[in-house]
Amino acid sequence: MYMSTSKTAIITGGGGGLGRATALKLAESGVNISIIDVSEEQGNETVRLIEEKGAKGIFIKADVTNAEEVKQYVDKTVSTFGSVDMFFNNAGISGPGKKFLDNSIEQIDLVLDINLRGALYGLYYVLPEMIKNGGGSIVNTSSTAGLVGQDSVVSYSATKHGIVGVTKSLAAEYANQGIQINAVAPGSTETPMVKQYREMNPDVFKAVSATIPQRRLGQPEEVAELVSFLLMSEAKYINGAVVPIDGGFTAI
Ligand SMILES: NC(=O)c1ccc[n+]([C@@H]2O[C@H](COP(=O)([O-])OP(=O)(O)OC[C@H]3O[C@@H](n4cnc5c(N)ncnc54)[C@H](O)[C@@H]3O)[C@@H](O)[C@H]2O)c1
């Protein structure tokens, strides 16, 4: 175990756009970080970047849909750093971006499994550790597709609306045990996921972008700024909130 008085964060999907950007933001405050991802290459690269900033990081390869692997990433974080103080419950996929009836059953299941079941598993194993330590702070990743309806992302939208319900209901259950649990709802943000989605669905993407009041996509660093605020700030009375970060997309 590292001897450290720093706080510890777990970030799922830490090899990707929003997870990596948030890891690098937290690293600036000296937070110890467990990066969880299915991609070993991407996860290890995030750890390298964390260490470049002078913070401590470990990569734990895990698939968030596998309950045993989720339990292990929590246990390994605790045995390495001593506690879990912050949890960015963020791993997710966009799905194929097709009309609902053009999806296969397998495509529907995969999005539900990763985005919703995986997020619930993480909370199921992280919460007891936080409660044991007298509290902690959690941010779940929803989406603008968790606040309003959107074409060609029905399963994705179901999971992201689900994340909103999970966030509010867990706040109702655990806020009195020192748990602060909020969600962020990013609009289109320039991460690898969005780049891939844009290439697959140029027309859908063009139509959505034109409706953003700020007429630009978000940057991962902007979302990271919000997530690290929700995880670390002294504004401890924010609880069960879902914060859009979308250039005004859901304001109109
Ligand atoms: N980028 C956006 O515009 C946007 C907008 C709203 C919400 N989101 C949400 O933000 C989160 C992060 O997305 P991103 O844009 O950074 O995507 P990304 O593809 O860049 O990163 C996602 C990471 O999750 C990992 N991952 C995928 N399946 C996994 C699994 N089963 N177990 C563990 N790790 C897994 C991937 O390997 C990848 O590194 C997702 O939940 C996504 O739905 C993104």
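Data block above holds the structure.
Summary of the structure given here. Predicted, not measured: the structure shown is a model, and the values here were computed from it. Starting afresh in each chain, residues are numbered from 1 along the sequence in its written order. Whole-chain, interface and lining totals are the exception, using all residues; otherwise, since this is a predicted model, local features are given only for residues with pLDDT of at least 70 and side-chain atom pairs are given and counted only at 80 or more. In computing side-chain values, all of the structure's heavy atoms are included and hydrogens and water are not.

## Section: the overall build of the protein chain
Secondary structure elements are taken from DSSP: a helix is a run of H or I of four residues or more, a strand is a run of E of two residues or more, and numbering for both begins at the N terminus. Tallying secondary structure elements over the protein chain gives eight helices and seven strands in all. Since a compact globule built from 252 residues should have a radius of gyration of about 18 Å, the 17 Å found for the protein chain is in line with a globular shape. Summarising its shape, the C-alpha atoms of the protein chain cover approximately 50 × 40 × 35 Å along the three principal directions. Within the protein chain, the proportion of its 252 residues that are buried is 50%. For the protein chain, the share of sequence-separated contacts (at least 6 apart) that also reach a separation of at least 24 residues comes to 71%. Approximately 11,600 Å² of the protein chain is accessible, and the part contributed by carbon and sulfur atoms is 55%. It is over C-alpha atoms that the radius of gyration is taken, and the globule rule equals 2.2 Å times the number of residues to the power 0.38. Buried, partly exposed and exposed residues are distinguished by accessible area as a fraction of the type maximum, computed with a 1.4 Å probe on protein chains only: under 20%, between the cut-offs, and over 50%, respectively. Working rule for contacts: check all heavy atoms of both residues, and any pair within 4.5 Å makes them a contact. Only the protein chains shown count as cover for residues, and the accessible areas themselves come from Shrake-Rupley with a 1.4 Å probe.

## Topic: helix H5 (residues 154–174)
The length a helix should cover is 1.5 Å for every residue beyond the first. If you check H5, its first and last C-alpha atoms are 30 Å apart, about what 21 residues at 1.5 Å a residue would give, namely 30 Å. Listed in full, the buried residues belonging to H5 are Ser 155, Tyr 156, Ser 157, Thr 159, Lys 160, Ile 163, Val 164, Val 166, Thr 167, Leu 170 and Ala 171.

## Some words on helix H2 (residues 40–52)
Note that an α-helix has 3.6 residues per turn; residues three or four places apart therefore point the same way. Under the 1.5 Å per step criterion, the end-to-end length of H2 is 18 Å for 13 residues, consistent within 8% with the ideal 18 Å. Along H2, the positions that sit buried rather than exposed are Gly 43, Thr 46, Val 47, Leu 49 and Ile 50. Projected down its long axis, H2 carries its buried residues within an arc of 160 degrees, all on one side. Residues of H2 that are exposed and angled more than 90 degrees away from the buried face: Glu 41 and Glu 52. Residue Gly 54 follows H2 closely and has a positive phi angle near 90 degrees. The reported arc concerns the directions from the helix axis to the C-beta atoms and nothing else.

## Looking at the side chain of Ser 152
Locating Ser 152 in the fold gives a position in the loop between strand S5 (136–141) and H5. A 3.5 Å cut-off defines polar contacts: any pair of N or O atoms within that distance qualifies, except that in protein one atom must be a possible hydrogen donor and the other a possible acceptor, and neighbouring residues in sequence count only when both atoms are side-chain atoms. Looking at Ser 152, its side chain comes within polar contact range of the side chain of Asp 151, at 2.7 Å. What Ser 152 contacts, discounting residues up to four positions off in sequence, is Gly 97, Lys 98, Lys 99, Tyr 197 and Val 204.

## Observations concerning the environment of Leu 116
For Leu 116, the location among the structural elements is in helix H4 (residues 105–132). For Leu 116, a relative accessible area of 22% corresponds to the partly exposed category. Considering only alpha carbons, one finds Leu 116 and Val 64, 52 residues apart in sequence, at a separation of 9.7 Å.

## Let's talk about the nonpolar core
Here, nonpolar core means buried Ala, Val, Leu, Ile, Met, Phe, Trp, Tyr and Cys residues that are tied together by side-chain atoms lying within 4.5 Å of each other. Within the largest apolar cluster, 24 residues are counted, with the highest numbers of intra-cluster contacts made by Ile 33, Ile 35 and Ile 50. Look past the residues within four positions of Ile 35 in its chain and what remains in contact with it is Ile 11, Gly 14, Gly 15, Ala 23, Gly 43, Thr 46, Val 47, Ile 50, Ile 58, Phe 59 and Ile 60. By size, the runner-up hydrophobic cluster in this structure holds 22 residues, among which are Phe 87, Leu 123, Met 130 and Ile 181.

## Some points on unusual backbone geometry
In this structure, Ser 152 is a non-glycine residue whose phi angle is positive, near 70 degrees. Residue class for Ser 152 comes out buried when judged on its relative accessible area of 8%. Look at Arg 215: it is not a glycine, yet its phi comes out positive at around 50 degrees. Tracing the chain through its elements places Arg 215 in the loop between helix H7 (202–209) and helix H8 (220–232).

## A look at the environment of Met 232
Mapped onto the elements, Met 232 comes out in helix H8. C-alpha separation for the pair Met 232 and Ser 155, spaced 77 residues apart in sequence, amounts to 32 Å. If we skip the residues at most four places from it in the chain, Met 232 touches Leu 26, Ser 29, Val 31 and Met 86.

## Quick look at the pattern of salt bridges
Note on definitions: salt bridges are taken to be side-chain nitrogens of Lys or Arg within 4 Å of carboxyl oxygens of Asp or Glu. The tally for this structure, following the rule as stated, stands at eleven salt bridges. In this structure, Asp 75 engages Lys 71 in a salt bridge whose closest nitrogen and oxygen atoms are separated by 2.9 Å. With a gap of four residues between them, Asp 75 and Lys 71 both fall in helix H3 (residues 67–81), about one helical turn apart. On the accessibility criterion, Asp 75 (36% relative accessible area) is partly exposed. Across the pair Glu 129 and Lys 132 runs a salt bridge whose closest N-O atoms are separated by 3.2 Å.

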